[in-house]
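# Structural description and commentary
Chain by chain, the residues run as shown.
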Amino acid sequence: MLDVNTVVSGILILLYHLGKFYSPYFWQDVVSFFRVLHTGYKCHRCLSRKPPITLLDFFLAKVQKHPEKPLVLFGDETYSYRDIDRRSSQLARVLRDHVGLKEGETVAVFLKNVPAYLWVWMGLEKIGSVMACINYNIQAQSLLHALSSCKAKVLLTTPDFKDAIEDVLPALKNEGVQVFFLSEDSPTEGVEALLGQIQSSSAEPVPISFRANVTAESTSLYIFTSGTTGLPKAAIISQRKMLITSNLSGHLGARPKDIVYIPLPLYHSVALLVGVGGCLEAGSTCVLRPKFSVSEFWKDCRRYRVSLILYVGEMMHYLCNVKKTDSDRDHCVRMAIGNGMRAEVWKEFLHRFGPIQIYEIYGATEGNIGFFNTTGKVGAMGRSYFLYKKLAKYEFIKYDVDKDEPVRDKNGHCIPVTPGETGLFVAKITGLAPFSGYAGDRQKSEKKILRDVFTKGDCYFNSGDLLMEDQEGFLYFKDRVGDTFRWKGENVATTEVENILAPLRFIQEVNVYGVPVPGHEGKTGMAAICLKKGHSFDGQKLYAHTKDFLPAYAIPRFVRIQDTLEITGTFKQIKSQLVKEGFDPAVISDPLFFLDDSEECYMPLTPQIFSTIAERKLRL
């Protein structure tokens, strides 16, 4: 007669094989789903308390647990959990008592990847203020717009950005924005050096009463997205979203003993929330790199015994492009978390640098739902499966790229695509998956919401991304729709680049779009220009103008001169045909130019130069 243990074991084995028969990833999906539930329940339980337990509280708990453990490694410098805690308390007091900052007000941070980023962040959390993470590549009009959109009361920066600050200082003074250098001395009249006061302030714990009004839905951060090219958009990050995102690396298998390498800029959500936030939540250590360096990457990983790295796809591509060495596998890296890695780069990276577990993730900074690939399926940016779809409520719908809008049926409802077909990713806006939108411009938030998608009155977040779900449920990124594309790991909004170029005297009209380039991730910028009558194209002036007003990743690499720009019946510029034709002189009879940094000018694009680019001999 069979005993109970034998029967139970038999049932479990049967269930296991039935699951594998249904899908080879069935049990992985089940495990992943329950991890999602566990993370969600944990965050909900913490944030439902009064007062809520936020990421700051996780950090403070780690300070109590292991005060001397390194939190930040930066060059030859080491900062413990206690060091960051004490300095953040000093800053909090100075901002509250000396600067006069109030709970709920915004402080803009214009910093490179330095340890101060962490103690400024935690200091602002301690007094219930909001941190706006400004892309340090922007300047002039873009910088002023960013500060205005989030209603910043204070700007914290360093003398490294003296020129950019002095350029906008009169305007900032007029708007009542106080500017401070986090340094001992100030080289700029009208900008106070704050570091001395911070160092002499009390480092005792800050009273909870200083942040008494913080709730789960309180804004914690503004992270600027998509409009970094000209007119940045401040995505609102609530305490809830910050805590959930900071749990992602732990959800994927990060451990307290991990050393996390962060070469991405901290104004980027992957670096700040998944990277630093993940370390604060788990109690691990991060290595801050001022800027990504191909030559120093593996040296740093060996020096600090890094076990987890953060990436964007182009970064991995650069690492695979350097000359092979005997020490390529001489490292301790076991995990990589990031997004945008092409399948061929993924394969090459694993073949060359060893069996590193790669976790490709997907999710817009301002989005309400994300995906992750925990199976190791090369090239996939996530998985869609029955249980998760029931919980998260998302869909992939038909999209008309030429009309730049979703396809709707006779009832006015959107149409889901079938597996293997590319569709626009949309996610239902619910209490569990809210969309907080952008600060400063309700219209920009409204543009990201699709209404009456499947039933009258429903609301979905429009990701702006075209994705494809294959027959096994794996998801693949195909393209960005509308006026945005991705280059060098940054989103480039074409309309905003157009607004920067349009004031040039010789330009009548301009249409900016992205074109694929062999051997490069994403698309690079190209501008179709219609010249004013009586004017000729001035490559030197255009070069100087783009360098002055655009970050490097947003500058169009190619220019096409046209007699007229094609538009729709509703006067919308048509980009699809331009994108298809690319920048090949053999296809295009219009004059073509390319950005030549050696000449500081846009020079004619000859068939010979095109060949060197197409054959990957000339990198952009």
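The structure contained in this document is the topic of the report that follows. Every value quoted in this text rests on a predicted model; they were computed, and no experiment measured them.

What counts as what
Residues numbered from 1 in each chain as written. Predicted model: local features only at pLDDT ≥ 70, side-chain atom pairs only at ≥ 80, totals over all residues. Heavy atoms only, no water. Helix = DSSP H or I, 4+ residues; strand = E, 2+ residues; numbered from the N terminus. Rg over C-alpha atoms; globule rule 2.2 N^0.38 Å. Buried < 20%, exposed > 50% of the residue type's maximum accessible area, 1.4 Å probe, protein only. Contact = heavy atoms within 4.5 Å. Areas by Shrake-Rupley, 256 points an atom, 1.4 Å probe, with all protein chains shown as cover. Lys, Arg positive; Asp, Glu negative; His and termini not counted. Charge placed at Lys NZ, Arg CZ, Asp CG, Glu CD. Disulfide = S-S within 2.5 Å. Axes fitted to C-alpha atoms, helices over the stretch in contact; angles between N-to-C directions. Parallel < 35°, antiparallel > 145°, perpendicular 65-115°, else oblique. Left-handed = near helix turned anticlockwise from the far one by under 90°. Nonpolar A, V, L, I, M, F, W, Y, C, P; charged D, E, K, R; others polar. Phe/Tyr/Trp six-rings, centres within 6.5 Å; stacked < 30°, edge-to-face > 60°. Lys NZ or Arg CZ within 6 Å of the ring centre and 35° of its normal. Pairing = 2+ DSSP bridges.

### Some points on the overall build of the protein
Within the protein one finds 20 helices and 31 strands. In terms of overall size, the protein behaves like a compact globule, its C-alpha atoms giving a radius of gyration of 25 Å where 620 residues would be expected to give roughly 25 Å. Overall size of the protein, expressed as C-alpha extent along the three principal axes, is 90 × 75 × 60 Å. Buried residues in the protein amount to 55% of all 620 residues. For the protein, contacts bridging at least 24 residues in sequence account for 69% of all contacts bridging at least 6. A total of about 27800 Å² of accessible surface is found on the protein, and carbon and sulfur atoms cover 53% of it. For the protein, the separation between the mean place of its 74 positive charges and that of its 69 negative charges on side chains is 5 Å.

### Remarks on the environment of Tyr 385
Relative to the elements of secondary structure, Tyr 385 occurs in the loop between strand 16 (382–383) and helix 15 (386–392). Sequence separation between Tyr 385 and Pro 51 is 334 residues, and the spatial gap between their C-alpha atoms is 36 Å. Every residue in contact with Tyr 385, bar those within four places of it in the chain, is listed here: Asp 29, Ser 32, Phe 33 and Tyr 394.

### Side note on the state of the cysteines
The full count for this structure, using the stated rule, is 0 disulfides. Take Cys 301: it sits in no disulfide, and the sulfur closest to it among the cysteines is that of Cys 332, at 9.2 Å. Lacking any disulfide linkage, Cys 459 is separated from the closest cysteine sulfur, that of Cys 414, by 12 Å.

### Comments concerning the environment of Ala 152
Its place among the elements puts Ala 152 in strand 5 (residues 152–157). C-alpha of Ala 152 to C-alpha of Leu 231: the two residues are 79 residues apart in sequence and 16 Å apart in space. Not counting residues up to four positions away in its chain, the partners in contact with Ala 152 are Thr 106, Ala 108, Leu 147 and Val 177.

### A few points about the packing of helix 6 (residues 140–149) against helix 7 (residues 162–175)
Here helix 6 crosses helix 7 at 50°, and the two axes come no closer than 10 Å. Classed by the angle they form, the pair helix 6 and helix 7 counts as oblique. The handedness of the crossing between helix 6 and helix 7 comes out as right-handed. Facing Ala 140, Leu 143, Leu 144 and Leu 147 of helix 6, the residues of helix 7 in contact are Ala 164, Asp 167, Val 168, Ala 171 and Leu 172. Split by residue class, the contact of helix 6 with helix 7 holds 8 nonpolar, no polar and 1 charged.

### Describing the packing of aromatic side chains
Taken as a whole and judged by the stated rule, the model has 31 aromatic pairs. Site record: aromatic cluster; members linked through ring pairs are Tyr 261, Phe 292, Phe 297, Trp 298, Tyr 318, Phe 349 and Phe 353. Residue placement shows Arg 87 over the ring face of Trp 119; its charged tip is 5.6 Å from the ring centre.

### Side note on the sheet that holds strand 13 (residues 335–339)
Strand order across the open sheet formed by 8 strands is 2-1-11-10-12-13-14-15, with mixed pairing between neighbours. Of all the strands in the sheet, just strand 2 (77–80) and strand 15 (371–373) have a single pairing partner and so form its edges. Across this sheet, the average inter-strand angle for adjacent strands is 20°, counted without regard to direction. Note: strand 1 (residues 70–74) against strand 11 (residues 285–288), 2 bridges, orientation parallel. Counterpart to Val 72 in the pairing with strand 11 is Cys 286.

That is the geometry; function is a separate question.
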